[in-house]
Structure formats: C-alpha cells, structure tokens
Amino acid sequence: MSIWEFANPKRFMDATGPLIPVLGILAGLSLAVGLVWGFFFTPDDFRQGSTVKIIYLHVPSALMAINAWLMMLVASLVWLIRRHHVSALAAKAAAPIGVTMTLIALATGAIWGKPMWGTYWAWDPRLTSFLVLFLFYLGYMALWAAIEDADTAADLTSVLCLVGSVFAVLSRYAVLFWNQGLHQGASLSLDAEENVADVFYFPLLVSIAGFVLLFVVLVLVRTRTEIRNRRILALISRERAA
Amino acid sequence: MIGAQKQEQFVPDLGKYAFDVLAAYGVSAVFLLALVGHSAWRSARMKRRLSETEARATKNRGQRD
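Residues numbered from 1 in each chain as written. Chains lettered and ligands numbered in written order. Predicted model: local features only at pLDDT ≥ 70, side-chain atom pairs only at ≥ 80, totals over all residues.

Attention now goes to the overall build of chain A. Of regular secondary structure, chain A possesses seven helices and zero strands. Sequence-ordered secondary structure for chain A, helices as α and strands as β, is α-α-α-α-α-α-α. A compact globule built from 242 residues should have a C-alpha radius of gyration of about 18 Å, and chain A, at 20 Å, falls within 12% of that. Dimensions of chain A, computed from C-alpha atoms along their principal axes, come out at roughly 70 × 35 × 30 Å. Restricting the contact set of chain A to residue pairs at least 6 apart, pairs at least 24 apart contribute 77%. (Helix = DSSP H or I, 4+ residues; strand = E, 2+ residues; numbered from the N terminus. Rg over C-alpha atoms; globule rule 2.2 N^0.38 Å. Contact = placed C-beta atoms within 7 Å.)

By the element assignment, Ile232 of chain A lies in helix α7 (residues 198-241). The residues contacting Ile232 of chain A, other than those within four sequence positions of it, are Arg49, Leu50 and Thr53 of chain B.

Turning our attention to the nonpolar core. Residues Ala68, Ala94 and Leu133 of chain A are the most contacted members of the largest nonpolar core, which totals 66 residues. Secondary-structure elements contributing two or more residues to this core are α2 (19-40), α3 (55-82), α4 (85-117), α5 (125-146), α6 (150-177) and α7 of chain A together with α2 (18-64) of chain B. Counting residues per element, this core draws most heavily on α4 of chain A, at 17 residues. (Core = buried A, V, L, I, M, F, W, Y, C linked by C-beta atoms within 7 Å. Buried ≥ 20, exposed ≤ 12 C-beta atoms within 10 Å, placed from the backbone.)

Accessible area lost upon the coming together of the parts is a frequently used measure of interface size. Between chain B and chain A, the residue contacts involve 26 residues of the former and 31 residues of the latter. A total of 21 residues in the side of chain B that touches chain A trace back to one element, the largest contributor, which is α2 of chain B. Across the side of chain B that touches chain A, the residue classes break down as 14 nonpolar, six polar and six charged. (Nonpolar A, V, L, I, M, F, W, Y, C, P; charged D, E, K, R; others polar.)

Packing of α7 of chain A against α2 of chain B brings their axes to within 9 Å, and their N-to-C directions diverge by 25°. Between α7 of chain A and α2 of chain B, the crossing angle belongs to the class labelled roughly parallel. The crossing of α7 of chain A and α2 of chain B is left-handed. Side by side, α7 of chain A and α2 of chain B meet where Leu218, Val221, Arg222, Arg224, Thr225, Arg228, Asn229, Arg231, Ile232, Leu235, Ile236 and Glu239 of chain A of the first sit next to Leu35, Ser39, Arg42, Ser43, Met46, Lys47, Arg49, Leu50, Thr53, Glu54, Ala57 and Asn60 of chain B of the second. In terms of residue class, the contact of α7 of chain A with α2 of chain B is made up of nine nonpolar, six polar and nine charged. (Axes fitted to C-alpha atoms, helices over the stretch in contact; angles between N-to-C directions. Parallel < 35°, antiparallel > 145°, perpendicular 65-115°, else oblique. Left-handed = near helix turned anticlockwise from the far one by under 90°.)

Moving on: the confidence of the model for chain B. Predicted coordinates in regions of low pLDDT should not be interpreted in detail. Chain-level statistics for chain B give a pLDDT mean of 86 and a share of 82% at 70 or above. Across the interface, the model reports ipTM at 0.90; the global pTM reads 0.90. (pLDDT = per-residue confidence, 0-100.)

So, in structure tokens, the structure goes:
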C-alpha cells in the first residue's frame, strides 16, 4: 500500500475516520498525564522556582509551532509537485493549529519571561523569529481566505509556505546562530548532557507526545472538514451549471 | 495530622510565582479549548451542510430525470 493512495479523498476519509477517536483518546491521556505529572509531582527548580512548571506547556507548544509549519511545507511541496488536493487541504488545515501553538508559545514565554528576565518581551533572536513565524501563519491563513479559486489559493499559499520555512528553521536554530539573546538553548537534545534534569525530562516527554497526538488528531479532523467543504462547493457549482 | 500534611503536599506550593504559573496554564487552556471546540464545531457544521447539499442534489437530479 502506497502513501499516495491517501491522495484520493474517499480513501483518506475511509482510512482516517476510525483513527480519530483512538488518537483523540491517546492525545487526551498523554496530555492529562504529562501536565498533571509536571504540575503536581515535580519539584521546583533551584533557580527558576515553580515557574519551571511552565516548561510542560511552553516547550511542546513551541515545538509544534515549528513542526506544524514544516508539515505544511511538506504538504505544500506535494501539492506543487504532484497536485494532490488532499495535501493542499492538509496544509490549510494545519495552519490554525500552528498559529494557536505559536500563540501559546509566545504567551507562556512572555509570562515566564517576566519573573525570570524582568520583562515580558525582548527583541531576542528566538522571540523575534517566533513573532515573524506567527505573522507568517496569519498571512498564510489570510491568503487562503482571500482567493476564491481553491487551486490558485493552494499555489500561492504553497509558495508563501516555502518562504516562511526560513523563519520556521530560524525559530529553531536562532539561539545557535546568535548568542546575544536572553533565551536559553534547547531544553531537549540528543546529547543527554544538554537535557533538563530527568525529574523534568520525563513528564516533558509525555506532554510533548500529547501535543504531537493532539496536532495529528486536529489536522485529520480539519482536513476532513476541508474535504467536505470542497465537496459542497463542487456540488453547488454542479447544481448551478445544470 | 499526617493526612493534612499529605494533602498540603499534594497541592503544590507555587510560592511567589503562583500567579505566573497559573496564568500560563489558564491562557494555554483557553487557547487549546478554543482550538478543539472550533475544530469540532466546524466539522459538525460541515457534515450537516454536506448531507443537506447531497440530499438536495439527489432530489434535483431525480426531478430532472
């Protein structure tokens, strides 16, 4: 079975329908376990005090904000190269989820920044690139809404997505490119030495799994909604033509 | 007494950062619930609209035939 079979809207609907409740339950469980574990059963950090509990929201949402855009990039490339409508609709469906994740990352970062840095906002490389990513999300959604012809909208938003990918990558690596910012380095790394302490690390991993699963479920639900919307528009235009 | 102490330990003492931590969780909960709620509401609305449109299209086709 090839992945391209899911490019057929009917196959996509048939395959994803039964998956959604299962993934939804797994997402809810992972989020509940990760956040309850992190909030109630982890100690305060010796420097940051209880604000360290914000990590269980801030890091997963920031991770998803970047990865949602990268998923949109892959889907946009599939649209541009192979012209599969489901991939264009999946990219469109992911944008509101990505923008919400970016908003959560910005809001929790600002709230965390006030007691730790003494300010809600600084024009730090990572914060600024995240703000630009947020604006790209808004622009992407506005472009989809502004163009009536769906294929033209998919073409133009795909190009915008390619351009915005620079900022998605920059958001991830800004701390490494420029060292003058307030923001710390990555909390998670393949190098165990650089990771946060185990007592924070494991609930953080569960919370991240919850955010990833939530993203997948919501992308599936919203892509199915977009496919239905496309079908409605096709039926209406057929009715008018008859 | 021991039970009371255990209960106190269960609810974490957030100290002077209580407002910041609770605000972060509150804001995130509002955004996440809004996102999930909007996705579910739009999905249900589109399902209903599609079945109405399909029913109308079938009826119109029947009348033409």
